[in-house]
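# Structure assessment
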Amino acid sequence: MVQSSILGFPRMGRLRDLKKACEAYWGGKLSQEDLLKEGKRLRLEHWKIQKDAGVDIIPSNDFAFYDHVLDHIQMFNVIPERYSKHKLDPIDEYFAMGRGHQKNGVDVSALEMVKWFDSNYHYVKPTFQDNQTFKLASNPKAVAEFKEAKEAGITTRPVVLGPVSFLALGKADRGQSVEPISLLDKVLPVYEELLQALKAAGAETVQIDEPVLVFDLLPKVKDAFKPAYQKLSALDAKGPQLVLATYFGDIIHNFDVIPALQSLYALHVDLVRHPEQLESVIQQLGPKQILSAGVVDGRNIWKTNFKKAIEVVESAIQKLGKDRVIVATSSSLVHTPHTLASEKQLPEEVKDWFSFASEKAGEVTVIAKAVTDGPASVREQLESNAKSMQARASSKRTNDPQVKDRQSKVTSAMHDRKSPFPQRYAQQKEKLNLPLFPTTTIGSFPQTSEIRVQRNKFTKGEITAKEYEAFIEKEIQDVVKIQDELDLDVYVHGEPERNDMVQYFGERLEGYVFTTHAWVQSYGSRCVRPPIIVGDISRPAPMTVKESKYAASISKKPMKGMLTGPITCLRWSFPRDDVHQSIQAQQLALALRDEVVDLEAAGIFVIQVDEPALREGLPLRAGRERENYLSWAVDSFKLSTAGVQDSTQIHSHFCYSEFQDFFHAIAALDADVLSIENSKSDAKLLRVFVDQAYPRHIGPGVYDIHSPRVPSEEEIKGRIEEMLQYLKPDQLWINPDCGLKTRQWKETKAALGNMVNAAKYFRGKHT
Ligand SMILES: Nc1nc2c(c(=O)[nH]1)N[C@@H](CNc1ccc(C(=O)N[C@@H](CCC(=O)N[C@@H](CCC(=O)N[C@@H](CCC(=O)O)C(=O)O)C(=O)O)C(=O)O)cc1)CN2
Ligand code: MET
Ligand SMILES: [Zn+2]
């Protein structure tokens, strides 16, 4: 019998119950006991959904209150002393590492959080000390949750992040120089202990995630697989059988590692992204090894094409036999929304094309049944699936000849600004008249509950558009006034009208549909509702001009227009899977180009086009695919911004600090000013701007915005001082790491006040 399997289920719950519980706990409105209870309730509910759908292999330990890597950090006691020394309750210590802690005399910032591979999910980066030791927690979460499920009558397959990935995805703590992978020998005994404890609790198999296998690996990381898995498979009867899981890429380039993995029970590969690896992976399997075939997309919301998926699984079965194949999701479903059943407002036509996590649970079981008992056993499901596929392929919604016509007329000249930077800058300087070390923010100001409540009322029809607009104007007035008081130099309107920087644009563009409940976790308790691209994209009317124009009209300093760039719109939406992403990006770029030009015509002469997702879209491995991506991604940014006069200043923003291997792409955007996340990284990273003689202007973030913690003026001065070792005074802008929408006003004003004072200090010193 071919088994069906899921690699991980979304944690938030149908109505973002986990978000609400965590935020209530942080706000002192929910007890610790009730928080833990809510976690338990959600785990049970999610196991049950999968069980009821008929899934054979259901994961546990995929749940996390904040992040699963953070769970692992705590489970293996990789807790830096600056957290452990406060002897907080375990759950508070956990949240302190995830989001910082500034309470009762404790003041500690969060661990660094970074993108999980090429997704919009963020994980907490393990930080290792030179003298790092590892110790299994007394009641390890993976064991506790396995037992919890078992008590509820569900035997699960625990998910554990593997040793090589755990180390390789981490870094040395600030001021430390340890190479994480060199800690392998020290960490393996703890893995052995954990696996034995799982086995003792009754776990027959364990999913051990080693997603780093899809990367180009440094030799020393690659070499770690052999000793690691020799050791872990030597547990024999004392340990569970291991299913080594990889996802988001192929593993062909790391085949020299596979012999070291052949003795493991099973190997999972992503056959949605890389179906072509199937043949060669099969050849590499050990004589009894099982293939877990990831054929149901864990990263998108399109219904699985059963016919195609069954073909893939059948071709594996032909070579391996039914007992050596598992039908699985390509990755964890944490990247997909909870259930399509909550969507009451989607047009029926398109709803029929989608499948969210709960529906995908059904899909793996149908495919497994089809190949086990033959297609006749699931005839009805196969027929209705074929109908959906057919309906989508022939739908009028997907195709807009006018959009295609415009794309055919795009020229290469449309991608370039009129003059090179020095000429542009001369004109901008005159027009904007900014001081040295100009201060600005990244766009959003706190999205207060008042704002959300008003928007919610408007969405539900409880207040009129006019009332809502008046409310937004009032918000803009307040934000402008606060910026006056803070004495910032380039203002923003604060984005109060936006639910999200991508969803907002999706809702204003043709070719998109959007949902009411399709939330996906981005980090911690924060979720996004990615709009869905179903057809060719165009802009029926200006999207942001009214608010920006109003904001400019009431402010005495330059007002920055604020747009989300084409790549970020694409990446943080659920993209179509029926046309190449470069085509979707160009359609978005043309729509945004019109918006940029309209903003300029409305008197907005600083325009920021955010591209925080540019880096995450980078194919995970170096090579032709990556170069290709960079070429169309950079082109789409340039196409969206190059329509303006030289005197209009184009900004762009990136909230990630890993720009070393990516520098040439950032430089190629030709943006006049870049703001980048930097506060939690070593300022040394800025050296690349010097080495490459980067000529334009840069604002490396001077403080972390993910945490409510207020940085002191001294701390910010220290940061600026470090930056000045690498960047020229007249090149440097002063700004936070990213937008402030997740913050409260109190800490925002305090932090920005300190930031402006720090900037003024250096201004005084340098003029
Ligand atoms: N798409 C996207 N990806 C991103 C980012 C981003 O800004 N957008 N930023 C980076 C970090 N990731 C982030 C992801 C989400 C949030 C965030 O703030 N999310 C909000 C939701 C934002 C939103 O869509 N808000 C809507 C809906 C708000 C809401 O919850 N409404 C209630 C009702 C109103 C109420 O009483 O609160 C409901 O629907 O139940 C709105 O403002 O209109 C949250 O989780 O709290 C921040 C950063 C990377 N990736
Ligand atoms: C994730 S990047 C966010 C940029 C956006 N302009 C903001 O300030 O929220
Ligand atoms: Zn950002």
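Keep in mind it's a predicted model, so treat the numbers as computed, not measured.

### Digging into the side chain of Ser707
Tracing the backbone through its elements, the reader meets Ser707 in the loop between β23 (697–700) and α27 (713–724). Polar contacts involving the side chain of Ser707 include one to the main-chain amide nitrogen of Arg709, which spans 3.0 Å. Residues within four places of Ser707 in sequence aside, it is in contact with Arg99, Gly100 and Arg743.

### Examining the coordination of the zinc ion (ligand 3)
Taken together, His653 (NE2), Cys655 (SG) and Cys738 (SG) make up the full set of protein donors to the zinc ion (ligand 3), lying 2.0 to 2.3 Å away. For the zinc ion (ligand 3), the 4 donor atoms in the first shell make angles of 99 to 121° at the metal, so the coordination geometry reads as tetrahedral. In the primary sequence, the donor residues of the zinc ion (ligand 3) line up as H-x1-C-x82-C. One end of the pair, His653, is in strand β21 (residues 649–654); the other, Cys738, is in the loop between α27 and α28 (745–766), and 85 residues separate them in sequence. For the pair His653 and Cys738, a shared accessibility class is recorded, and that class is buried.

### Quick notes on helix α2 (residues 32–53)
Taking 1.5 Å of rise per residue, 22 residues should cover 32 Å, and α2 covers 32 Å from first to last C-alpha, within 8% of that figure. Where the residues of α2 are buried, they touch α1 (17–26), β2 (58–60), α5 (90–99), α6 (141–151) and β8 (156–161). Following α2 by one or two positions, Gly54 adopts a phi angle in the positive range, close to 95°.

### Notes on unusual backbone geometry
At Asn77, a position not held by glycine, the phi torsion is positive, near 55°. Assignment of secondary structure puts Asn77 in the loop between α3 (68–75) and α4 (81–84). The phi angle at Phe248 is positive, at roughly 75°, despite the residue not being glycine.

### Here's the deal with the packing of aromatic side chains
Overall, the coordinates contain 28 aromatic pairs when judged by the stated rule. An aromatic cluster is defined as three or more aromatic residues linked by ring pairs; in this entry it consists of Trp116, Phe117, Tyr123, Phe215, Tyr247 and Phe248. Its guanidinium or amino end placed over the ring of Phe63, Arg43 lies 4.8 Å from that ring's centre, counting from NZ or CZ. Lying over the aromatic face of Trp302, Arg392 brings its terminal NZ or CZ to 3.5 Å of the ring centre.

### Digging into the packing of α1 against α2
Between α1 and α2, whose axes approach to 10 Å, the crossing angle comes to 170°. In terms of orientation, α1 lies roughly antiparallel with respect to α2. The residues of α2 that touch α1, namely those facing Asp17, Leu18, Ala21, Cys22 and Tyr25, are Gln32, Leu35, Glu38, Arg41 and Leu42. Here the residues of the contact of α1 with α2 sort into 6 nonpolar, 1 polar and 3 charged.

### Topic: the UniProt feature "binding site: Zn(2+)" (unreviewed entry) in the protein
In this structure's numbering, the residues bearing the UniProt feature "binding site: Zn(2+)" (unreviewed entry) are His653, Cys655, His664, Glu677 and Cys738. Tracing the sequence through the fold places His664 in helix α25 (residues 663–668). If sequence neighbours within four positions are ignored, His664 has contacts with Glu627 and Leu630. Taking relative accessible area as the criterion, Cys738 reaches 19% and is therefore assigned buried. Discounting residues that sit within four places of it in the chain, Cys738 has contacts with Ile442, His653, Cys655 and Ile705.

### Details of the sheet that holds β23
If you walk across this open sheet you meet the 5 strands as β19-β20-β21-β22-β23, and the pairing is parallel. The two strands at the open ends of the sheet, each matched to only one other strand, are β19 (560–564) and β23. Here the average twist between neighbouring strands, direction ignored, is 20°. Here β19 runs beside strand β20 (residues 606–610); their pairing, made up of 5 bridges, is parallel. Bridge assignment links Thr564 to a residue of β20, and that residue is Asp610.

### A closer look at the site of ligand 2
Not every one of the 14 residues close to ligand 2 is listed here, only the nearest: Ile442, Ser444, Glu495, Asp610 and Gly739. Here ligand 2 has 300 Å² of accessible area as a free molecule, and 95% of this is covered by the chains. Split into classes, the residues belonging to the shell around ligand 2 amount to 7 nonpolar, 4 polar and 3 charged.

### Describing the site of ligand 1
Contacts to ligand 1 come from 23 residues, most closely from Lys19, Asn120, Arg455, Asp500 and Lys741. Here an oxygen atom of ligand 1 sits 3.1 Å away from a polar atom, N or O, in the side chain of Arg526. For ligand 1, whose accessible area on its own is 970 Å², the fraction buried by protein is 84%. Of all the elements in the fold, those that place two or more residues in the shell around ligand 1 are α18 (449–459), β16 (520–523) and β17 (526–528). Looking at the shell around ligand 1 residue by residue, the class counts come to 6 nonpolar, 9 polar and 8 charged.

Definitions and limits used
Residues numbered from 1 in each chain as written. Chains lettered and ligands numbered in written order. Predicted model: local features only at pLDDT ≥ 70, side-chain atom pairs only at ≥ 80, totals over all residues. Heavy atoms only, no water. Helix = DSSP H or I, 4+ residues; strand = E, 2+ residues; numbered from the N terminus. Polar contact = N/O pair within 3.5 Å; in protein donor to acceptor, adjacent residues only side chain to side chain. Contact = heavy atoms within 4.5 Å. Donors = N, O, S within 2.8 Å, 3.2 Å for Na, K, Ca; no water. Tetrahedral: all angles 85-135°; square planar, octahedral: opposite > 155°, others 65-115°. Buried < 20%, exposed > 50% of the residue type's maximum accessible area, 1.4 Å probe, protein only. Expected span 1.5 Å × (residues − 1). Phe/Tyr/Trp six-rings, centres within 6.5 Å; stacked < 30°, edge-to-face > 60°. Lys NZ or Arg CZ within 6 Å of the ring centre and 35° of its normal. Axes fitted to C-alpha atoms, helices over the stretch in contact; angles between N-to-C directions. Parallel < 35°, antiparallel > 145°, perpendicular 65-115°, else oblique. Nonpolar A, V, L, I, M, F, W, Y, C, P; charged D, E, K, R; others polar. UniProt positions renumbered as here; feature names shortened; annotations may be inferred. Pairing = 2+ DSSP bridges. Near = heavy atom within 4 Å. Areas by Shrake-Rupley, 256 points an atom, 1.4 Å probe, with all protein chains shown as cover.

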